[in-house]
Amino acid sequence: MAFNPNNCRNESEVESKLIVSYLLPKLGYTPDTWHQEIAFGNIRLDFLSFATQVIPIVLDADSPMSLVMEAKHPKENLDRHLRKLKRYLTSLSIRYGLITNGKELRIYARISNDIQLVFQCAGQDLESRIDEIIALIGRDNLNFGKDRDNLELEDSKLNLVSPDLISENPDNLEVEEEDSQINLVSPDLISENPDNLEVEDSQINLASPDSISEIPDNLEVEDSQTNLVSPDSLSETPVESNNPATPEPEQNQILAIEKIAEPLSVNIEFKSDLILSQAIPNNMKIIAVYHNKGGVGKTTTVVNLAAALSKEGKRVLVIDLDSQANTTFATGLVKFEDEEQDDLKDCNILQVLQSEDFYSIAEVARESNFCNPKIDVVPSHIDLMYYETELNQLDYSRMILIQKLAEVEDKYDIVLIDTPPSLNFFARVALIAADYLIIPSDLKPFANQGLINVKDFIKKVNGFKKQIGKKPLEILGILPCKISPNLKFVQYSLPKRREAIPKRYGLEIMDSVIYEREDLAKCAEIFKIVGNMEIADPISVLDFKPDCTSSQEFEMLAEEVLVKIGK
Ligand SMILES: Nc1ncnc2c1ncn2[C@@H]1O[C@H](COP(=O)(O)OP(=O)(O)OP(=O)(O)O)[C@@H](O)[C@H]1O
Ligand SMILES: [Mg+2]
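What comes next is a walk through the structure. (Residues numbered from 1 in each chain as written. Chains lettered and ligands numbered in written order. Predicted model: local features only at pLDDT ≥ 70, side-chain atom pairs only at ≥ 80, totals over all residues.)

1. With respect to the packing of helix α10 (residues 298-311) against helix α21 (residues 549-565)
And step 1. Two elements in contact, α10 and α21, have axes whose closest approach is 9 Å; the angle formed by their N-to-C orientations is 75°. Taken together, the axes of α10 and α21 lie roughly perpendicular to each other. Mapping the contact onto sequence places Asn-304, Leu-305, Ala-308 and Leu-309 in α10 and Phe-554, Glu-555, Leu-557, Ala-558 and Val-561 in α21.
And step 2. Partitioning the contact of α10 with α21 into residue classes produces seven nonpolar, one polar and one charged. (Axes fitted to C-alpha atoms, helices over the stretch in contact; angles between N-to-C directions. Helix = DSSP H or I, 4+ residues; strand = E, 2+ residues; numbered from the N terminus. Parallel < 35°, antiparallel > 145°, perpendicular 65-115°, else oblique. Contact = placed C-beta atoms within 7 Å. Nonpolar A, V, L, I, M, F, W, Y, C, P; charged D, E, K, R; others polar.)

This is the structure:
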């Protein structure tokens, strides 16, 4: 069928007319080899195509997930979506990504942890250049599976293993409940049940991580494209192919099942490099977010950066070291209305700092579902301020956080510490424990003048760090926060303000910018009614509106931070 880009007036027409009716058939992807609206945890792909159907499927450099296609509204600028495409390709090990708004089409190839533009054309030139596109991403040309001698080629059976989602915490692998989802199986979980997981399925196997951890060895499952296995059925009722208890399949299911002669034995494999990466000791990185000026966006940065890092697959711990406890509140741990019900009072960062032998991080940290995947948070408490002098006099108080964090270094990839707007003891404890520092600033005069204090404070902290044999703080930079998105300001004033920071203060400024956005305030002010109480139920901006500009800004910040800390 000919393709006329002018027929695509919105995103859904880009999907239906350009991708489904024209591109997929031209590229040789039959309907059984591509899937629409596929969710992998928080990643949602418009179209995912497979050049080969390979069992077992391992999400490694040779992943058989060949091509993701993302459709955008004709008015959308494709540049805005590239970071996301990169995340899709790299975190799911997909070889190519095609992105189009009908007016323009681009193809990116994944090269290690990056993507590279390999083809670009205007929508109106598509027909004349279709052969080039076929040569690049046509099904036959991507059909590399025959070369892989250790893999069996079979029909459309899938069982996916994501190395990126390696986690000790099965909750990090939460999958939204949708029919079109593919289940990602954590290697940790599978390693406990590695033997002969037998799956018969003509489509995609749905199972929750919890249920998989309970899967007995030699489980056989029969399923079809239209009859996805629920977590319950997987964990409790293994269904065998001839199981008389299995309900009669629908007509379309019979067709799918008939294609399968024998149940397949799916041996889940690990690539050796994955095993290696599991064996390497984890190098937990500790980042403090600090400025002695109040209200510059420290807490907002900590909680939303934590969410963005968690969505990048990192295991994140947040520590609230500010007696205002804003991070504790923002991560949804204040679930009481009345101080009588305060369940944080006796188990928070104060006890962590007071006690040498008790109140480990593991004991005090609480799971926060303000973002998905969940993170852990060590809460703060207003009581902290009353104990500052007492703690200051304890010999071990500056070291205790370092020691207790060392105990959880295999549990987390990144620790983010929120600090008070002050040069006080708690700020010092945070900076002593941290490897890296982010300094949020609105770049206004008072915040800038405060930088002199911050630098002096860092110098003293580094003096102490040297005494205890710890490396000096590495400053990731000043993070422009709460910046006015006014166009004139962004064009004229912001560049000058950015330039002033290194010139006047000798501090680097980060590439990322967190602009002042309504969504950021809104997501922090969500409440729910429980019984007759109104309980705070904040969520991260990335969970509130995943595609809003603010979410994208935090995704960019997370990427910048990960690059800078080498994670
Ligand atoms: N980028 C932003 N857009 C809109 N509102 C923001 C933004 N950043 C922060 N805010 C709002 O500004 C206020 C102060 O932000 P935040 O609490 O993050 O600052 P802080 O530096 O942690 O303050 P403190 O020094 O008191 O701890 C909050 O009400 C927050 O919702
Ligand atoms: Mg704060």
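We are not done yet, so read on.
2. Side note on the site of ligand 1
And step 1. The full set close to ligand 1 counts 19 residues, and Gly-294, Lys-298, Thr-299, Thr-300 and Pro-421 are the nearest of them.
And step 2. Secondary-structure elements contributing two or more residues to the shell around ligand 1 are α10, β20 (474-483) and α19 (518-523).
And step 3. Here the shell around ligand 1 takes three residues from α10, the largest share from any one element.
And step 4. Among the residues making up the shell around ligand 1, the classes are represented as seven nonpolar, seven polar and five charged. (Near = placed C-beta within 6 Å.)

3. Observations concerning the nonpolar core
And step 1. Of all hydrophobic cores here, the largest spans 79 residues; its most connected members are Leu-305, Ala-306, Val-318, Val-415, Leu-416, Ile-417 and Ala-430.
And step 2. Those residues in contact with Leu-305, other than ones at most four positions away along the chain, are Leu-416, Phe-554, Leu-557, Ala-558 and Val-561.
And step 3. Cys-8, Val-68, Tyr-96 and Leu-105 belong to the second-largest nonpolar core, a separate cluster that totals 36 residues. (Core = buried A, V, L, I, M, F, W, Y, C linked by C-beta atoms within 7 Å. Buried ≥ 20, exposed ≤ 12 C-beta atoms within 10 Å, placed from the backbone.)

4. Let's talk about the sheet that holds strand β6 (residues 104-111)
In a beta sheet, neighbouring strands are held together by backbone hydrogen bonds and run either parallel or antiparallel to one another.
And step 1. Strands sit in the order β1-β2-β4-β5-β6-β7 across an open sheet of six strands; the sheet is mixed. For this open sheet the edge positions go to β1 (34-40) and β7 (114-122), each flanked by a neighbour on one side alone. The mean inter-strand angle of the sheet, taken between neighbouring strand axes irrespective of direction, is 30°.
And step 2. Pairing of β1 with strand β2 (residues 43-50), which is carried by six bridges, proceeds in the antiparallel orientation. Pairing of Gln-36 across the sheet is with Phe-47, part of β2.
And step 3. Lying on the sheet, helix α3 (residues 130-137) is in contact with β4 (65-71), β5 (96-100), β6 and β7; it crosses β7 at an angle near 160°. (Pairing = 2+ DSSP bridges.)

5. Regarding the pairing of strand β22 (residues 527-530)
And step 1. Direction of pairing for β22 relative to strand β23 (residues 533-536): antiparallel, over a ladder of four bridges. Pairing of Ile-529 across the sheet is with Glu-534, part of β23.
And step 2. Turn length for the β22-β23 hairpin, with the two strands adjacent in sequence and antiparallel, is two residues, and the turn residue Gly-531 shows positive phi of about 60°.

6. What about the environment of Asn-113?
And step 1. Mapped onto the elements of the fold, Asn-113 is located in the loop between β6 and β7.
And step 2. In this structure, the C-alpha to C-alpha distance between Asn-113 and Leu-89, residues 24 residues apart in sequence, is 8.5 Å.

7. Here we look at unusual backbone geometry
And step 1. Of note, the amide linkage connecting Asn-372 to Pro-373 takes the cis form, showing an omega dihedral of 0°.
And step 2. Within the secondary structure layout, Pro-373 lies in the loop between β16 (366-368) and β17 (375-378).
And step 3. With a phi angle near 65°, Leu-443 is a residue other than glycine that sits in the positive phi range.
And step 4. By secondary structure assignment, the location of Leu-443 is in the loop between β19 (436-441) and α17 (445-467).

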